[in-house]
Amino acid sequence: MVFVAGLYFLAAGVVIIVRSTLGTTPISSVNYVVSLNTPLTLGICTFIINMILIAGQLWLVRDRRTRRDIIEIMLQIPFSFVFAAFIDLNMALTQDLSPSGYAAAIALLLAGCVVQAVGVVLEIKPHVAMMSAEAFVKYFSARYNKEFGKVKVCFDVLLVSMAVALMFTHSIEGVREGSVIAACLTGYMVTFLNTRVITRRMWQRMRTGILK
């Protein structure tokens, strides 16, 4: 339940950042640019990209996979569907949300970063599954014996570069200063929430309340 709630907040944060008109997060940049230039919704594009990443994970563990790896990877399929549905739901709920000026756009962007950070914390606390992008980086790092953090940075840069390339072949939208702000701020917000707000003691209380 907590993990699914995390997916909802994560999706809502992504959508709020999109609605700020200042760009989107690196992990959603390709999905968003494709959705701008095709009839596909942002949720559908997100689901397709996640399926590609899941296929990539299966290829990475092709000759050294364990039962645990397969379960962890296959669990991502239903959760990717739920996440995509949450994105499209929030896109529909916020279709009339439009900032009236640049200051309002920045405020909306920061609100989206906070909501997204809450989603990330609620997603990682239960240790249920990983989102496809992070899981792909995890298996890539393990196969090629690379540091997770460095691979994650390279992966994000690759996604943004692909989005920029797609923008120049279609419409110049999707990656702006908001993408940089979201990339820089969200990690710090996640760390703060994870260590100062949703602490181990609070998490134990949440678990106890849910089990009751």
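Reading the values: rules and limits
Residues numbered from 1 in each chain as written. Predicted model: local features only at pLDDT ≥ 70, side-chain atom pairs only at ≥ 80, totals over all residues. Heavy atoms only, no water. Helix = DSSP H or I, 4+ residues; strand = E, 2+ residues; numbered from the N terminus. Buried < 20%, exposed > 50% of the residue type's maximum accessible area, 1.4 Å probe, protein only. Areas by Shrake-Rupley, 256 points an atom, 1.4 Å probe, with all protein chains shown as cover. Expected span 1.5 Å × (residues − 1). Contact = heavy atoms within 4.5 Å. 1 Å grid on protein atoms, 1.4 Å probe; cavity = no way out; pocket = protein on both sides within 12 Å on 5 of 7 lines; lining within 4 Å. Points joined across faces, edges and corners; volume = space filled by probe spheres on them. Nonpolar A, V, L, I, M, F, W, Y, C, P; charged D, E, K, R; others polar.

Colleague: Requested: an account of the overall build of the protein chain, with residues and values cited.
Modeller: A count of helices and strands for the protein chain gives 10 helices and 0 strands. Along the protein chain, from the amino end to the carboxyl end, the secondary structure elements read α-α-α-α-α-α-α-α-α-α. A buried classification covers 44% of the 212 residues belonging to the protein chain. For the protein chain, the accessible surface area stands at approximately 11500 Å², while carbon and sulfur atoms represent 67% of it.

Colleague: Mind laying out helix 7 (residues 132-144), listing which residues take part and the relevant values?
Modeller: In this model helix 7 runs 18 Å from its N-terminal to its C-terminal C-alpha over 13 residues, within 8% of the 18 Å that 1.5 Å per residue would give. What helix 7 keeps buried is the set Ser132, Ala133, Ala135, Phe136, Val137, Tyr139, Ser141 and Arg143. Just downstream of helix 7 lies Asn145, where phi reads positive at about 55 degrees.

Colleague: So what's going on with the side chain of Ser80? Which residues, and what values?
Modeller: Along the chain, Ser80 falls in helix 5 (residues 76-93). Not counting residues up to four positions away in its chain, the partners in contact with Ser80 are Phe47, Asn50, Met51, Ile54 and Ser132.

Colleague: Explain the layout of surface pockets residue by residue, including any values.
Modeller: When its volume is computed, the largest pocket comes out at roughly 1400 Å³. Ile27, Ala133, Glu134, Lys152 and Asp156 are, among the 47 residues lining the largest pocket, the residues nearest its centre. Every element with two or more residues in the lining of the largest pocket is listed here: helix 1 (2-19), helix 2 (26-36), helix 3 (42-60), helix 4 (67-74), helix 6 (102-124), helix 7, helix 8 (148-169) and helix 9 (177-197). At 11 residues, helix 8 tops the list of elements feeding residues into the lining of the largest pocket. Its residues assigned to classes, the lining of the largest pocket comprises 30 nonpolar, 11 polar and 6 charged.

Colleague: Outline the environment of Tyr139, listing residues and values.
Modeller: Here Tyr139 lies in helix 7. On the basis of relative accessible area, Tyr139 is assigned to the buried category, the value being 5%. Taking the C-alpha atoms as reference points, Tyr139 and Asp69, separated by 70 residues in sequence, lie 9.3 Å from one another. Setting aside residues no more than four positions away along its own chain, Tyr139 makes contact with Gln57, Leu60, Val61, Asp69, Glu72 and Ile73.

Colleague: Run through the side chain of Ser29, naming residues and quoting values.
Modeller: Counting through the fold element by element, Ser29 comes out in helix 2. A relative accessible area of 1% means that Ser29 is categorised as buried. Not counting residues up to four positions away in its chain, the partners in contact with Ser29 are Thr24, Leu159, Val160, Ala163 and Val175.

Treat this as a map of the structure, not an account of what it does.
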